[in-house]
Amino acid sequence: MLQDTNYNHTDSQPTSCPAVVVPGVVVETRQSRDVPATPQKRGPVVVRANNKNPASENLERVRQWSIATYKCTRQAVSERMGRGSRTVDLDLEPRLELLKDDRQRYEGATKLAQTLANQLAQFSLTQKTLGDAFGELSLKTPPLHVEFAVNAKAQKFLSKNGETLTASLNAFTSDMNTLINKTIEDTMINAKRYEAARVEYDAYRVDLEELNLGPRDALTLPRLERAQKDFQSQRERYQRVRDDLSVKVRLLQENKVKVLHQQLWLLHAAVAAHNSSCHAFLEQSAAPLGDPDSPSPS
């Protein structure tokens, strides 16, 4: 609060002598000491009225939320018990069910591919260890030096090729996990929002239908008008969420086909290259061994 410290003075000679001020010393006359201090002026305090009461607004917001929650819960329970009607989108909901089924199948295939990659990595490590053992035996067994050396070289080559195939499998599973846990998951989150909007829309629709079946009088007409406005608002929200989800599902289907087409061909090419290179190397490395049925030289 601002205090008014100005005193009322006229333009003529002052009614009292001012205090004489000397640097470092303050001298006050008797006349100035006898003059009473002018009281501070205090004007009226104006308090602006605030038409919006935060407590009332919060209470009204909680009340509206409680009513909406009750209606949605009642609608969901009625649907689960088979007594309530629900809105069904014959175009969107079958696509969502197909997407859920595809996601489960993709998850199963990805887990199998990851299992194969882990087993192949262990298999390649065992082949490398076996190749090292054959290499040592080729040095310590002169009569079988060629045979041990050929097998050591073959196992090491197969192990190296196995590591390459393992890397390809890991890349495949990584891209599949991105598709499942990010791309498809994002669409499924929107599907949950759509389902929540659909339940809320049906709750207000059922509420409006019940009011339409009741009597029309001065008490029910305002409730009916309010229910009609709420229903129209929920209907617009439901249609908006449904349209957004329909676009997302269509874009997801197109993206999914492109991603899977590329990843499946890359995986097939990696498996084919692994097997063809291993087969060619084994045929070439078997030449120094000659006929396996012929006796070895003494």
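From a predicted model like this one, the values you see are computed outputs, not experimental measurements.

What counts, and where the lines are drawn
- Residues numbered from 1 in each chain as written.
- Predicted model: local features only at pLDDT ≥ 70, side-chain atom pairs only at ≥ 80, totals over all residues.
- Heavy atoms only, no water.
- Helix = DSSP H or I, 4+ residues; strand = E, 2+ residues; numbered from the N terminus.
- Polar contact = N/O pair within 3.5 Å; in protein donor to acceptor, adjacent residues only side chain to side chain.
- Salt bridge = Lys/Arg side-chain N within 4 Å of Asp/Glu carboxyl O.
- Buried < 20%, exposed > 50% of the residue type's maximum accessible area, 1.4 Å probe, protein only.
- Core = buried A, V, L, I, M, F, W, Y, C linked by side-chain atoms within 4.5 Å.
- Contact = heavy atoms within 4.5 Å.

Draft legend 1. Inspection of the side chain of D202 at higher detail. Assignment of secondary structure puts D202 in helix α4 (residues 145–213). Separated by 3.1 Å, the side chains of D202 and R205 make a polar contact.

Draft legend 2. Focus on the pattern of salt bridges. Using the criterion set out here, one finds 20 salt bridges in the structure. R105 is paired through a salt bridge with D101; the nearest N and O atoms lie 2.9 Å apart. Taken together, the positions of R105 and D101, both in helix α3 (residues 92–140) and 4 residues apart, correspond to about one turn of that helix. Looking at D101, the relative accessible area reads 31%, which means it is partly exposed. Where D132 meets K128, a salt bridge forms, and the shortest distance between an N and an O atom there is 3.8 Å. Taken together, the residues D132 and K128, both in helix α3 and 4 residues apart, mark about one turn of the helix. For D132, a relative accessible area of 34% gives the class partly exposed.

Draft legend 3. Local environment of the nonpolar core. Ranked by size, the top nonpolar core spans 17 residues in total, and within it Y106, L169 and I184 carry the most contacts. Breaking this core down by element, the ones donating at least two residues are α3, α4 and α5 (220–285). For this core, the element with the most residues is α4, which contributes 8 residues. With sequence-adjacent residues up to four places away left out, Y106 is seen in contact with M176, I180, I184, K256 and L260. Within the second largest apolar cluster, 15 residues are counted, among which are Y201, A227, F231 and V241.

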